[in-house]
Amino acid sequence: MTRPRAIDCDLHPTPAGLAALVPYLEPYWRDSVEERGMEALESASYPPNAPITARADWRPRGGRAGATLAQLQAEALDRFGAGIGILNCLFPVQLPFSEDMSAAFARALNDWVRAEWLDRDPRLRASIVLPMASPEHAVEEIERLAPDRRFVQGMILAMGEVPAGRRTFWPVYAALERHGLPLAIHAGSAYRHPVTSVGWPSWYLEDYAAHQQGFQSTLASLVTEGVFAKFPGLKVVLLESGVSWLPPFLWRLTKTWKGVRFEVPWVDRPPAEIVRDHVRLTVQPFDAPDDPDLVRRLLDHLRSDELLLWASDWPHWQFDGDAVAPPGLPADLLPRIMVDNPLATYARLREEGVPS
Amino acid sequence: MNVVRPIAAPGRPAVATLGLFDCDIHPRPLSLEEYRPWLSAEMWHRLSTYGIRPRHGFAKGYPFPKAAPLASRRDAWPPGKVPASDLDFLRAQHLDFHGIDIGVLNPLQPSGQGDQNDAFSAAMAYAVNEWQLERWLRDEPRLRASVVVPYEDGEASAREIRRRAGDRRFVQVLLMSRTAEPLGRKRYWPIYEAACEAGLPVAFHAFGYSGWAMTNGGWPSFYIEEVSEHATSCQSQVISLIVEGVFERFPSLRILMIECGFAWIPSVGWRLDKHWRKLKDEVPHLRRAPSEYLRQNFWVSTQPMDEPERPEHLLDVMEWIGWDRILYASDYPHWDFDDPRTAFPAFIPPERRRDIFGANARALYGMPAA
């Protein structure tokens, strides 16, 4: 039997601009874009010209990185030999303060990715980008798109208005669980708060580094609010999260839980165990040195070979050339990361088998 | 060396042959009246009428109620008093019992640090510093004081540091970890300048209220999250101090992180290095990889000891941080106090534990070996 080919869990198709989404907006919002002179919607998380936002050799002359299917195929899918690629759109529908506008852009974005990407390459799957400013809208969007089995998860950003575990979001998680869709949490912020809990930094480097804190806080919230007790079937996938922060975060949370678990009695087993059962992480960026011995020790701290998922993070610049596998990862772990773990995570990828 | 070593200290670990140095003890006034002798009439009026006004809405009571009254050990309450408000009781229960050679006082609230009003915060800092000397150090040679500073006002903080410079009873400058802006921002640089002049390390202790949400995704619900978020706040401070170039400007600055946890430190360095290699063009003022500043300019205290699921993984992180950078702290009298006899697993080599108990702190604070 041929072994299924790799599953790239984090690809970022990027609309060439706000205008690219206009055909997918409802008439009222199309008019609004024109009448109000909305020319752009870009996130401070990924300034278009910042080096990390797109690898230099993936920036076309006169065009935009990550903007076309041909780019995706040539630069990532074909080049890295993926049998399946999951599209996670980062066009910032989370930024507008109007929840109606946010939901309208989310619908347009999801329809855009379906029409211009999913329909054109059978290897592709996508996230339903969720407008979390309104849980009602988010649930509606799940119900609208879940029948299309090519949508394999719902996606939010690591930093929202209130922590992701809050009960107000639980109808969203109920809908995801009902449809067998993991909750994907991608690096990024809706910028309702500074990217640090001690205020605004001066440098973009700090902003990008701050995702690591955002993921810790989000995960702490999901665990302590009891999301996994309430929705035992829910899986969470952390995208572009880094990896090496996870063990020390879990040690601290688990130790604190032992001391104050009276406060959160629904957390009825150690947080580290809950996270290992429910949470997966993509491997780019891999925030560790290249030293194989150190990486081996770090992986040992994770205490599981089921946690990591393959991802190129295209077109973000995390590695050069074809070094999509982080240096130092043991070779025998790669098949698990590239195929077994994603299949175990995504119920919808198991349905039809994976192209080999 | 002026060390009073008790004859019998049943709570002292045997490996502490180079002294037992506790860099985190929290003294507390029985009432605000204790500060009054060092406050002007105007400031006493403010304190007694309007109270301390931190950057949150709880005039009394905690935003996240603690795990125990005053976050303290149940057995740390002297009869009729509050924990760590009575020198004799603190001596008997902590200094004598554990055989502490030197203990550093870190006054927390009600100290006025992080107050909305800078002038009030400065007046309180002066009073708290005098109070430490008069109330604690005068009669107890084993104790040392921290220079409490009104950190949101860099110039006023520098004045307070210079006032104490040269007074060997003060061993460090004390900040809280949650500040109104990231600690690398220029408004805080007068603190670092004065501390370097005075040869004092700058310690930041977990806690305080920045005025911003406690996570970068909003306010959490629970105390367990507040405790968890100390780590993320401190991570942000480390990142800011490094990326802003503080250590290029003040290469001799030494930062001690108290009660911030430590297992996360290697990961922050690795992450910064990784992204710095891609974003060097933005931060040309950094002449070295971020993790090099982390290794060179930072120290950590142990309480609360990080506890990996497989305890021996502790050896990895302590090695990655640097064995010489790790200092014992008890956090007396708080509920999550680390007993020096039990906080350190036996598989940590005895000479490492010995250094964590004594030699590392003496080196940081510039004290002769015991």
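Quick caveat: nothing in here was measured; it's all calculated off a predicted structure. All chains use their own residue numbering, which begins from 1 and follows the written sequence. Starting at A for chains and at 1 for ligands, labels are handed out in the order in which the entities are written. Confidence filtering applies because this is a predicted model: local features only for residues at pLDDT of at least 70, side-chain atom pairs given and counted only at 80 or more, and all residues used for totals across whole chains, interfaces and linings. To get the side-chain values, take all heavy atoms of the structure and skip hydrogens and water.

Things to note about the overall build of chain B
Inference 1: When helices and strands are tallied, chain B shows eleven helices and eight strands.
Inference 2: Dimensions of chain B along its principal axes, counting C-alpha atoms only, are 60 × 50 × 45 Å.
Inference 3: Put simply, chain B has 370 residues, and 65% of those count as buried.
Inference 4: Sequence separation of 24 or more characterises 81% of the internal contacts of chain B that already satisfy a separation of 6 or more. Only DSSP runs of H or I covering at least 4 residues are called helices, and only runs of E covering at least 2 are called strands; the numbering of each starts at the N terminus. Remark: exposure states derive from per-residue accessible area (1.4 Å probe, protein chains only) relative to the maximum for the residue type, with buried under 20%, exposed over 50%, and partly exposed in between. Contacts are residue-level and defined by heavy atoms, with any inter-residue pair within 4.5 Å sufficient.

Description of the UniProt feature "domain: Amidohydrolase-related" (unreviewed entry) in chain B
Inference 1: Under the UniProt annotation, the feature "domain: Amidohydrolase-related" (unreviewed entry) is placed at residues 22-366 of chain B.
Inference 2: Summarising residues 22-366 of chain B: 39% helix, 10% strand, and an end-to-end C-alpha distance of 15 Å. UniProt positions are given in the numbering used here, feature names are shortened, and annotations may be inferred rather than shown by experiment.

Let's talk about the confidence of the model for chain B
Inference 1: Here chain B averages 96 in pLDDT, while 98% of its residues score no lower than 70.
Inference 2: The ipTM, which scores confidence in the relative placement of chains, is 0.96 for this predicted complex, and the corresponding pTM is 0.96. Per-residue confidence from the predictor is given as pLDDT, running between 0 and 100.

Concerning the environment of B:Gln113
Residues and elements named next belong to chain B.
Inference 1: Relative to the elements of secondary structure, Gln113 occurs in the loop between β2 (102-105) and α3 (118-137).
Inference 2: Look at Gln113 and you get buried, because its relative accessible area is 4%.
Inference 3: As a C-alpha pair, Gln113 and Met176 span 63 residues in sequence and 7.5 Å in three-dimensional space.
Inference 4: In contact with Gln113, other than residues within four places in its own chain, are Pro107, Ser121, Val148, Val149, Tyr151, Leu174, Leu175 and Met176.
Inference 5: As used in this structure description, the phrase polar contact means that two N or O atoms lie within 3.5 Å; if the pair is within protein, one of them must be able to donate a hydrogen and the other to accept it, and residues adjacent in sequence are counted only when both atoms belong to side chains. A polar contact is formed between the side chain of Gln113 and the backbone oxygen of Leu174, at a distance of 2.8 Å.

A short note on the packing of aromatic side chains
Inference 1: Two rings from Phe, Tyr or Trp (for Trp, the six-membered ring) form a pair when their centres are within 6.5 Å of each other. A pair whose planes differ by under 30 degrees is stacked, one over 60 is edge-to-face, and the rest are tilted. Scanning all chains against the criterion turns up 26 aromatic pairs over all chains.
Inference 2: An angle of 80 degrees between the planes, with centres 5.2 Å apart, marks the rings of B:Phe344 and B:Phe357 as edge-to-face. With B:Phe344 in the loop between β8 (326-327) and α11 (350-365) and B:Phe357 in helix α11, the pair connects residues that are 13 residues apart, well separated along the chain. Exposure class is identical for B:Phe344 and B:Phe357. Each is buried.
Inference 3: Grouping aromatic residues by their ring pairs yields a cluster made of A:Tyr46, A:Tyr204 and A:Tyr208.
Inference 4: The residue whose ring lies beneath A:Arg261 is A:Trp257, and the NZ or CZ to ring-centre distance is 4.9 Å.
Inference 5: To sit over a ring, a charge needs its Lys NZ or Arg CZ within 6 Å of the ring centre and within 35 degrees of the ring normal. Positioned above the aromatic ring of B:Trp189 is the side chain of B:Lys186, whose terminal nitrogen or guanidinium carbon lies 4.8 Å from the ring centre.

Remarks on the side chain of B:Asn360
All names here are of chain B.
Inference 1: Along the chain, Asn360 falls in helix α11.
Inference 2: A polar contact is formed between the side chain of Asn360 and the backbone oxygen of Trp323, at a distance of 2.9 Å.
Inference 3: Contact partners of Asn360, with chain neighbours within four places excluded, come to Trp323, Asp324, Arg325, Ile326, Leu327 and Asp355.

Describing the UniProt feature "domain: Amidohydrolase-related" (unreviewed entry) in chain A
Inference 1: According to UniProt, the "domain: Amidohydrolase-related" (unreviewed entry) feature falls on residues 7-346 of chain A.
Inference 2: Span residues 7-346 of chain A is 39% helix and 13% strand, its end C-alpha atoms 11 Å apart.

Re helix α4 (residues 154-164) of chain B
Residue and element names in this part refer to chain B.
Inference 1: Within the sequence span of α4, burial applies to Gly154, Ala156, Ser157, Ala158, Glu160, Ile161 and Arg164.
Inference 2: Contacts from the buried residues of α4 go to α3, β3 (143-148), β4 (170-176) and α5 (189-198).
Inference 3: Two or three places before Glu155, at the opening of α4, Asp153 has a side-chain oxygen 3.3 Å from that residue's backbone nitrogen.
Inference 4: Just downstream of α4 lies Gly166, where phi reads positive at about 90 degrees.

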